[in-house]
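# Residue-level structural notes
Below are the chains, spelled out letter by letter.
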Amino acid sequence: MQPLIDNARTFGQRPEEFARLAEGQSPQVLFITCSDSRVVPALITGARPGELFELRTAGNIVPPYASEHPTSEAATIEYAVEVLGVSDIVVCGHSHCGAVGALVRGDDLDSVPAVRDWLSHATPRPTGAAEDPEVAEGVQAHVLTQLLRLRSYPFIEKKLKERQLTLHAWYYEVHKGAVRAHSAETDAFEAL
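Notes on the structure in this doc start here. (Residues numbered from 1 in each chain as written. Predicted model: local features only at pLDDT ≥ 70, side-chain atom pairs only at ≥ 80, totals over all residues. Heavy atoms only, no water.)

Looking now at the nonpolar core. Counting 40 residues, the largest nonpolar core has Leu-30, Ile-32, Ile-77, Ile-89, Leu-150 and Ile-156 as the members making the most contacts within it. Once residues lying within four places of it in the same chain are set aside, the contact partners of Ile-156 are Ile-77, Val-81, Ile-89, Leu-150, Arg-151 and Leu-165. Residues Phe-31, Val-39, Cys-92 and Trp-170 belong to the second largest nonpolar core, which totals eleven residues. (Core = buried A, V, L, I, M, F, W, Y, C linked by side-chain atoms within 4.5 Å. Buried < 20%, exposed > 50% of the residue type's maximum accessible area, 1.4 Å probe, protein only. Contact = heavy atoms within 4.5 Å.)

Put into structure tokens, the structure is as follows:
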């Protein structure tokens with residue numbers, strides 16, 4: 001913890017670098033990814049402050065849209081699309097994902113009921129080789145399912161029809177630092 005505290009103390013000693021950020025934000029991309037500490041969107045993309053609007057959830061899950069009981073995730077997505085006007089949304093899964101791995105293996109999550117209930121939003125349950133520590137197949141299928149879920153949000157559907165929004169599926173390989181993007185033409189995740 002001490003190195004984090006030390007950096008936080010010196011971080012604000014360059015106010016001229018951050019003054020323009022007080023004027024507002026206009027990110028072009030909503031980046032939806034896992035809460036996993038090994039996945040750092042700005043590090044992966046090289047984004048500077050104000051360039052990415054981030055949504056981090058356990059297992060990069062996009063919950064079903066429900067206007068009568070909105071989730072914080074739906075509110076974040078709506079704000080990014082309707083208020084900030086992002087033109088792209090990236091759903092980025094990652095290798096060695098604990099959440100997707102638990103789903104693929106069918107782990108008993110009764111001791112962590114909030115996690116269990118949250119992961120129940122990952123329907124259909126991702127499949128893949130349970131013995132694969134990377135859970136590559138399961139994560140990639142899961143990312144595509146989350147894109148389909150996004151398409152069911154009414155405001156996303158509208159922006160897609162108007163060609164004002166593009167959705168992207170990425171797979172980050174934690175052990176390599178490499179990113180693969182889903183290609184609709186080949187239906188495969190290919191190196192960027």
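Back to the write-up after that little detour.
In this section: the layout of surface pockets. Approximately 280 Å³ is the volume found for the largest pocket. Lining of the largest pocket is provided by 14 residues; of these, Leu-167, His-168, Ala-169, His-182 and Ala-184 occupy positions nearest its centre. No other element matches the five residues that strand β4 (residues 166-173) contributes to the lining of the largest pocket. Counted by class, the lining of the largest pocket contains nine nonpolar, three polar and two charged residues. (1 Å grid on protein atoms, 1.4 Å probe; cavity = no way out; pocket = protein on both sides within 12 Å on 5 of 7 lines; lining within 4 Å. Points joined across faces, edges and corners; volume = space filled by probe spheres on them. Helix = DSSP H or I, 4+ residues; strand = E, 2+ residues; numbered from the N terminus. Nonpolar A, V, L, I, M, F, W, Y, C, P; charged D, E, K, R; others polar.)

Moving on, we get to unusual backbone geometry. With an omega of -5 degrees, the peptide bond between Thr-123 and Pro-124 qualifies as cis. Here Pro-124 shows up in the loop between α6 (113-119) and α7 (136-151). Positioned with a positive phi, Arg-163 is a non-glycine residue whose angle comes to about 55 degrees. Its location among the elements puts Arg-163 in the loop between α8 (154-161) and β4.

Along the polypeptide, Ala-74 turns up in helix α4 (residues 72-83). Residues Ala-74 and Glu-131, spaced 57 residues apart in sequence, show a C-alpha to C-alpha distance of 33 Å. Excluding its chain neighbours within four sequence positions, the residues that come into contact with Ala-74 are Tyr-65, Tyr-153 and Phe-155.

Two strands in a sheet stick together by hydrogen bonds in their backbones, pointing the same way (parallel) or opposite ways (antiparallel). Read from one edge to the other, the open sheet built from six strands follows the order β2-β1-β3-β4-β5-β6, with strand pairing classed as mixed. Each edge of the sheet is formed by a strand with only one pairing partner; in this case those strands are β2 (52-57) and β6 (188-191). Strand-to-strand twist in this sheet, taken as the mean axis angle between neighbours without regard to direction, amounts to 30 degrees. Here strand β5 (residues 178-183) pairs with β6 via four bridges, running antiparallel. Its bridge partner being in β6, Ser-183 is matched across the sheet by Ala-188. Sitting on the sheet, α4 is in contact with β1 (29-34), β2 and β3 (88-94), with an inclination near 165 degrees to β2. (Pairing = 2+ DSSP bridges. Axes fitted to C-alpha atoms, helices over the stretch in contact; angles between N-to-C directions.)

Our focus in this paragraph is α7. Compared with an ideal rise of 1.5 Å per residue, which puts 16 residues at 22 Å, α7 spans 23 Å between its outermost C-alpha atoms and is within 8% of the ideal. Among the residues of α7, Ala-136, Gly-138, Val-139, Gln-140, His-142, Val-143, Thr-145, Gln-146, Leu-147, Arg-149 and Leu-150 are the ones counted as buried. (Expected span 1.5 Å × (residues − 1).)

What follows covers the environment of Ser-111. Residue placement: Ser-111 occurs in the loop between α5 (98-105) and α6. Its relative accessible area of 69% is what places Ser-111 among the exposed residues. For the pair Ser-111 and Ala-66, spaced 45 residues apart in sequence, the C-alpha separation works out to 28 Å.

This next bit is on the packing of α4 against α8. Relative orientation of the contacting elements α4 and α8 amounts to 30 degrees, with a least axis distance of 10 Å. Comparing the axis directions of α4 and α8 gives the class roughly parallel. In this structure, α4 meets α8 at a crossing whose hand is left-handed. In contact with Ala-74, Ile-77, Glu-78, Val-81 and Glu-82 of α4, α8 contributes Phe-155, Ile-156 and Lys-159. The residue makeup of the contact of α4 with α8, split by class, is five nonpolar, no polar and three charged. (Parallel < 35°, antiparallel > 145°, perpendicular 65-115°, else oblique. Left-handed = near helix turned anticlockwise from the far one by under 90°.)

Bear in mind that shape data such as this cannot, by itself, settle questions of function.
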